[in-house]
Amino acid sequence: MTTGPAAGAPVVQAQGLVKRFETTTALDGMTFEIGAGELFGFIGPDGGGKTTLFRILVTLLVPDAGSARVLGCDVVRDLWALRPRLGYMPGRFSLYPDLSVEENLGFFASVFGTTIAREYDRIAPIYSQLEPFKARRAGALSGGMKQKLALCCALVHRPEILFLDEPTTGVDALSRREFWELLGRLRSTGLTIVVSTPYMDEARRCDRVALVQRGRLMAIDTPEAIAAAFDRPLLALRVGERYRAIRALRDYENTNTVYPFGDVLHFTDRRTDASPETIARDAEAYLRGAGIEAVTAKPIPATIEDAFMARMGADDDAPGERGAA
Amino acid sequence: MSDEVAIHASGLTRTFGAFTAVDHISFDVGAGEVFGFLGANGAGKTTAIRMLTGLLAPSAGEATVAGHDVYRETEAIKRDIGYMSQRFSLYDDLTVRENIRLYGGIYDLTDATIRERTQRILSRLGLQHVENTLVHAIPLGWKQKLALSVALLHEPRIVFLDEPTSGVDPITRRQFWELIYEASHGGTTVLVTTHYMDEAEYCDRVSIMVAGRIAAIGTPAELERTHGVESIDELFVQLARNDPNARGAAGGGGAAA
């Protein structure tokens with residue numbers, strides 16, 4: 001596991017965090033640092049431990065082993081000092097559906113001893129988009145607007161660090177994009193933002209990311225460095241019939257992995273000493289020989305998702321049929 | 001894929017009070033096709049799917065699913081379709097085997113058929129070692145693959161998949177799509193919704209709903225060409241930006257996720 005340098009002084013320091021629930025180990029020893037002003041992403045599928053980790057960092061859950069400091073405060077001992085200084089947006093929609101947009105926000109402000117008016121400048125970039133609907137019940141908002149309201153509620157007491165647990169899960173592609181644009185704007189104000197997501201394509205929006213899988217961090221680095229660490233030539237195969245091509249490549253002696261990827265197939269070769277050109281030529285020839293038409297193969301740079309899958313595949317006890325499956 | 005039509009909708013409409021959730025949509029899905037049914041939250045997808053699965057009567061227009069009318073033949077529709085969603089498909093407090101048995105019973109399969117198909121599913125998914133494990137104790141990715149297999153258990157002509165891969169790891173997501181392709185090659189029609197725009201590219205054809213209407217429909221390559229975009233993601237964002245409903249609040253029936 002590589003650990004890139006944190007951008008500023010560390011505002012989150014976690015050391016060997018472990019959390020078990022009955023027979024499940026949700027966190028299996030997580031160690032990392034997050035720098036001041038970073039937009040830091042925990043990327044990985046459901047069930048990897050992201051939510052458990054966030055709940056520990058925001059003082060809602062106590063770890064079984066290890067320790068964590070946020071803004072210099074121990075998350076177990078100093079919870080009352082830490083609570084008002086952090087903002088937390090849980091993954092599950094947790095506002096009051098029967099209160100209006102304005103009432104929800106006013107409530108969260110009052111809990112922290114403030115008012116919407118006093119904090120308006122902090123939340124304005126987001127709240128301005130909600131204001132036309134401020135009298136509407138929160139329960140009647142669309143998914144994207146609910147997320148924005150929840151973000152406002154997490155920000156209204158001017159936290160120094162913001163934890164967002166899967167803010168874009170189940171939200172459509174446009175709302176996700178708009179949400180990340182908002183986070184980019186908040187980041188430019190100097191706020192430290194810690195976010196989790198199952199969507200690999202969102203990694204590139206982060207300064208640094210940690211890849212989370214079954215309670216462990218598989219890598220921590222900039223998205224570029226994680227993608228660049230992909231250690232084999234990767235080919236994009238454009239083919240007439242994807243399903244037949246995948247089936248055919250399963251029987252190809254040189255196949256290491258083959259995955260559908262957008263409108264192409266991503267292919268890696270078993271041979272470690274062959275050049276990308278040789279691999280491309282051989283794969284093309286093989287597919288043509290198997291009766292697949294319109295084949296072009298070209299070497300491409302790996303994405304975070306390729307890197308994630310490679311690391312999952314390398315993990316010995318990963319579930320299910322793997323690798324070439 | 002044959003020329004046979006699995007789903008036919010013409011002017012299909014549903015209103016809730018003054019709000020029109022689905023506004024005169026017309027489209028056909030061919031037998032064996034993998035059809036991506038895309039749209040922003042609140043654009044009307046869920047309402048359309050509820051009409052096509054016989055759960056909600058349309059306000060106007062017509063539709064047939066597996067040849068059955070959506071007004072009069074809803075029971076016949078339910079027998080001929082399978083359905084799975086991200087939110088609910090399997091019973092957490094039943095074992096893997098019990099879930100398969102339950103759905104087999106619901107669809108009136110004989111004991112011998114259920115036994116045979118149970119073996120087939122367990123071996124295809126490599127789940128023999130957890131056949132007697134409660135579903136809540138198995139990983140999400142296995143659950144979702146099992147849920148799809150259960151939705152296909154009675155060999156329906158059409159299967160509706162509502163965000164089936166949400167939150168699933170990237171390898172399992174791709175294995176799931178291979179199961180979809182397999183079903184499609186076996187002649188099953190697949191209608192699937194997703195927020196992963198790379199998955200839109202895996203479909204034979206996609207439609208994109210905006211404000212209750214179908215704003216674009218075609219093969220991914222065709223749509224990219226005619227709209228001058230690089231990807232379905234780009235086209236989706238372009239079209240969804242024009243949706244007044246999805247931008248603000250979901251209306252009466254628009255299911256807000």
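A. Representation of helix α5 (residues 140-151) of chain B within the structure. Residue and element names in this part refer to chain B. With twelve residues, α5 ought to run about 16 Å at 1.5 Å a step, and its terminal C-alpha atoms sit 16 Å apart, in line with that. Counting buried positions along α5 gives eleven out of twelve residues, so the element sits mostly inside the fold. Listed as buried for α5 are Gly-141, Trp-142, Lys-143, Gln-144, Lys-145, Leu-146, Ala-147, Leu-148, Ser-149, Val-150 and Ala-151. Next to the buried residues of α5 lie β6 (81-85), α3 (96-106), α4 (111-125), β7 (158-162) and α6 (170-185).

B. Main features of the nonpolar core. In this structure, Ile-7, Phe-27, Leu-146, Phe-160, Leu-161 and Phe-236 of chain B are the most contacted members of the largest nonpolar core, which totals 78 residues. With residues near it in sequence (within four places) discarded, Phe-236 of chain B still touches Asp-172, Ala-173 and Leu-174 of chain A together with Leu-38, Gly-39, Ala-40, Met-197 and Ile-208 of chain B. Within the second largest apolar cluster, 50 residues are counted, among which are Ile-123, Ala-154, Ala-203 and Phe-308 of chain A.

C. Expanded view of the environment of Leu-141 of chain A. Inspection of the secondary structure assignment puts Leu-141 of chain A in the loop between α4 (120-130) and α5 (143-155). C-alpha of Leu-141 of chain A to C-alpha of Val-101 of chain A: the two residues are 40 residues apart in sequence and 8.9 Å apart in space.

D. Up close: the sheet that holds strand β11 (residues 234-238) of chain A. Residue and element names in this part refer to chain A. Strand order in the open sheet formed by four strands is β12-β13-β11-β14, and the pairing between neighbours is antiparallel. Across the chains shown, the open sheet's two edge strands, defined by having one partner strand only, are β12 (255-261) and β14 (296-300). Neighbour to neighbour, the strand axes of the sheet diverge by 30° on average, direction disregarded. As judged from the five bridges shared by β11 and β14, these two strands associate in the antiparallel manner. Bridging from a neighbouring strand, Ala-236 pairs with Lys-298 of β14. Running at roughly 10° to strand β13 (residues 264-269), helix α8 (residues 242-250) makes contact with β11, β12 and β13 of the sheet.

E. Quick peek at the layout of surface pockets. Counted as a void, the second largest pocket has a volume near 1000 Å³. Together, 35 residues line the second largest pocket, and Asp-201, Arg-204, Phe-261 and Thr-303 of chain A together with Asp-198 of chain B are the ones closest to its centre. When residues in the lining of the second largest pocket are grouped by element, the largest group, four residues, is from helix α6 (residues 173-187) of chain A. Counted by class, the lining of the second largest pocket contains 15 nonpolar, five polar and 15 charged residues.

F. Geometry of unusual backbone geometry. Residues and elements named next belong to chain A. A positive phi angle is found at Leu-71, which is not glycine, with a value near 55°. Along the chain, Leu-71 turns up in the loop between β4 (65-70) and β5 (73-74). For Leu-71, a relative accessible area of 15% translates into the label buried. Notably, Arg-214 is not glycine yet its phi reads approximately 45°, a positive angle.

G. Structural view of the domain arrangement of chain A. For chain A, the assigned domains are domain 1 (10-228) and domain 2 (234-301). For domain 1 of chain A and domain 2 of chain A, the distance between their C-alpha centroids amounts to 40 Å.

H. Looking closely at helix α3 (residues 101-111) of chain A. Residues and elements named next belong to chain A. When α3 is considered as a whole, its buried residues turn out to be Val-101, Asn-104, Leu-105 and Ala-109. For α3, the arc enclosing every buried residue in end-on projection is 135°, short of the 170-degree limit, so these residues lie on one face. Along its buried surface, α3 packs onto α4 and α5. Two residues or fewer after α3 comes Gly-113, characterised by a positive phi angle close to 70°.

I. Representation of the side chain of Arg-242 of chain A in the model. Considering the arrangement of structural elements, one finds Arg-242 of chain A in helix α8. The side chain of Arg-242 of chain A is buried and forms no salt bridge, while Glu-201 of chain B, the nearest opposite charge, is found at 6.2 Å. Sequence-distant contacts of Arg-242 of chain A, defined by excluding residues within four places in its chain, comprise Gly-262, Asp-263 and Leu-265 of chain A together with Tyr-181, Glu-201 and Tyr-202 of chain B.

J. Examining the pairing of strand β3 (residues 34-39) of chain B more closely. All names here are of chain B. In terms of burial, β3 is largely enclosed, as six of its six residues are buried. The side-chain alternation of β3 yields two buried faces, one formed by Val-34, Gly-36 and Leu-38 and the other by Phe-35, Phe-37 and Gly-39. Where β3 lies against strand β8 (residues 189-193), three bridges are found, and the strand directions are parallel. Bridge pairing in β8 links Val-34 to Val-190. Relative to strand β9 (residues 205-210), β3 is paired through five bridges, and the arrangement is parallel. Bridging from a neighbouring strand, Phe-35 pairs with Arg-205 of β9.

Each value, and the rule that gives it
For every chain, the first residue of its written sequence is number 1, and the numbers climb from 1 along that sequence. Throughout, the order in which chains and ligands are written sets their labels, letters from A for the former and numbers from 1 for the latter. Totals for whole chains, interfaces and linings use every residue, but because this is a predicted model, local features are given only for residues with pLDDT of at least 70 and side-chain atom pairs only at 80 or more, for both listing and counting. Working from all heavy atoms in the structure, the side-chain values ignore hydrogens and water. Labels follow the DSSP assignment, with helices taken as runs of H or I lasting at least four residues and strands as runs of E lasting at least two, numbered in each case from the N terminus. One less than the number of residues in a helix, times 1.5 Å, gives the span that helix is expected to have. Relative accessibility under 20% of the residue-type maximum defines a buried residue, over 50% an exposed one, and the middle range a partly exposed one, all with a 1.4 Å probe and only protein chains included. Contact criterion: two residues are considered in contact whenever any of their non-hydrogen atoms come within 4.5 Å of each other. Only buried residues count toward a nonpolar core, which is a set of Ala, Val, Leu, Ile, Met, Phe, Trp, Tyr and Cys residues joined through side-chain atoms within 4.5 Å. One requirement defines pairing of two strands: DSSP has to find at least two bridges between them. Angular values range over 0 to 180 degrees, each being the angle between N-to-C directions of two axes fitted as lines to C-alpha atoms, with helices fitted over their stretch in contact. Points on a 1 Å grid, built from protein atoms alone, make a cavity when a 1.4 Å probe fits but cannot get out and make a pocket when they are open with protein on both sides within 12 Å along at least 5 of 7 lines; residues with an atom within 4 Å of a point are the lining residues. Grid points are joined across faces, edges and corners, and a volume is the space filled by probe spheres set on the points. Amino acids outside the nonpolar list (Ala, Val, Leu, Ile, Met, Phe, Trp, Tyr, Cys, Pro) and the charged list (Asp, Glu, Lys, Arg) are all regarded as polar, and Gly is one of them. What marks off one domain from the next here is an automatic or database domain assignment. It is the directions from the helix axis to the C-beta atoms that the arc portrays. Asp and Glu count as negative and Lys and Arg as positive, but His and the ends of the chain are not part of the count. Salt bridge, as used here, is a side-chain nitrogen of Lys or Arg placed within 4 Å of a carboxyl oxygen of Asp or Glu.

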